[in-house]
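# Structure at a glance
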Amino acid sequence: MSQSAFALDQQKILSALQTVVMVRGYNDTGGLSYGSGVVVGENKVITNCHIFRSTKQPWVARGEDTYNIASVQADRWHDLCLLTTIALPFKAATLGKGNLLKRGQEVLSIGHSNGVPAPLTSAGIIKSTYPFEGENVIRSSAQFRMGASGSGIFDTDGNLLGINTFKTPGKRAYFYSLPIEWLSNLEKLPVETVFPIVGKAFWEEDDENKPFFMQVALPEINQDWPKLLLVAQKWIDKDPKNSDAWYELGSAHEYQKNFIEAKRAYQQSVALDATNTDALFRLGVIAQAAGDLSSMHEINVAIANINKDLALEYSKQLGCNLQC
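Because the structure is a prediction, the values reported are computed rather than measured.

The rules we used
- Residues numbered from 1 in each chain as written.
- Predicted model: local features only at pLDDT ≥ 70, side-chain atom pairs only at ≥ 80, totals over all residues.
- Heavy atoms only, no water.
- 1 Å grid on protein atoms, 1.4 Å probe; cavity = no way out; pocket = protein on both sides within 12 Å on 5 of 7 lines; lining within 4 Å.
- Points joined across faces, edges and corners; volume = space filled by probe spheres on them.
- Helix = DSSP H or I, 4+ residues; strand = E, 2+ residues; numbered from the N terminus.
- Nonpolar A, V, L, I, M, F, W, Y, C, P; charged D, E, K, R; others polar.
- Expected span 1.5 Å × (residues − 1).
- Buried < 20%, exposed > 50% of the residue type's maximum accessible area, 1.4 Å probe, protein only.
- Arc of directions from axis to C-beta.
- Contact = heavy atoms within 4.5 Å.

Right, let's talk about the layout of surface pockets for a bit. Approximately 800 Å³ is the volume attributed to the largest pocket. The wall of the largest pocket is formed by 30 residues, among which Lys-127, Arg-139, Tyr-247, Asp-278 and Arg-282 lie closest to the centre. For the lining of the largest pocket, the secondary structure elements donating two or more residues are β9 (120-132), β10 (135-140), α7 (243-254), α9 (277-289) and α11 (308-317). In terms of residue count, the dominant contributor to the lining of the largest pocket is β9 (five residues). Residue composition of the lining of the largest pocket, grouped by class: twelve nonpolar, eight polar and ten charged. When its volume is computed, the second largest pocket comes out at roughly 420 Å³. Residue lining of the second largest pocket: 19 residues in total, with Asp-207, Lys-210, Met-214, Gln-215 and Leu-218 positioned closest to the centre. At the level of elements, β12 (159-167), α4 (212-215), α5 (217-221) and α6 (225-238) are the ones that each hand at least two residues to the lining of the second largest pocket. The element contributing the most residues to the lining of the second largest pocket is α6, with four residues.

Put into structure tokens, the structure is as follows:
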């Protein structure tokens, strides 16, 4: 657990930890498949559907104790499965509201990464949220690994915000969680009793069919700025009022040294979402390069009004004091 996580309310973290379980099952070759899940009601566990593709008899576990699964409600496209278990003695998580999340907000990822018996906690911040099919998919810096599919991302009060589901490849990975708000629709789906659960999820589509917030990830990570420019422009053409799309366009221009176009794109990003601290930060960098001290100061004040810690980081990276 990171140092920042230790500063949090330990009782709230413990309560959140106690809602996380393992989901296991033997696959066709006799090997053990495993993932994570979160208790969301009496005998109810939410997890990812993709962990059930190769097992016919999964179960829920904590430590040495195991609990049978009686049935499942499956939203394959959104990759969420709601399990009904037998005699599960654990308290349900308190549900949060993902649509109220802010950039820079501290969060905790809690799950059985690498299949370890005790859940691991990783602290991070909200990087962005992306409107998708009625709710907001979450991207954070709270890391999770293999075995943590279906685990939870929580706020610092221990409220469940979403289900950790997929990430980009490589060391500089982006981590994505599905909104807990999708649970309400999941509860209305037909009850199934037969495993495995098979069906493609939206995040597994071919690249050109994925949501734009996913299409920009790899070009950005790989610093393929021409590709990022093309994808960002397509995103804007489809959704011209999306602040993140304009931010990505600004990034593509900035790193190709098209500073005038980058500034315009970042300004449009902020005009659409005044809390887009990523765009504000880059505008500050451009202002510094131009020797525009007044704009640097105005941006610092704007960031401080959103998140004081980010304002300190801004001041530090730009090499100025709090008056910058």
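The next thing to look at is helix α8 (residues 259-272). For α8, built from 14 residues, the straight-helix expectation of 20 Å at 1.5 Å per residue is met to within 8% by its first-to-last C-alpha distance of 20 Å. Taken as a whole, α8 has its buried residues at Ala-262, Ala-265, Tyr-266, Ser-269 and Val-270. Taken around the axis of α8, the buried residues stretch over an arc of 135°, which confines them to a single face. Facing away from the buried side of α8 by over 90 degrees, the exposed positions are Ile-260, Arg-264 and Ala-271. Those residues of α8 that are buried are in contact with α7 and α9.

Our next topic: empty space enclosed by the protein. Evaluation of the coordinates by the stated rule reveals one cavity of 30 Å³ or more. Its boundaries defined by the atoms lining it, the largest cavity holds a volume of some 40 Å³. Forming the walls of the largest cavity are Val-23, Arg-24, Gly-25, Ser-33, Tyr-34, Gly-35, Ile-51, Phe-52, Thr-55 and Pro-58. Listing elements by their share of the lining of the largest cavity, those giving two or more residues are β1 (20-26) and β2 (32-41). In terms of residue class, the lining of the largest cavity is built from five nonpolar, four polar and one charged.

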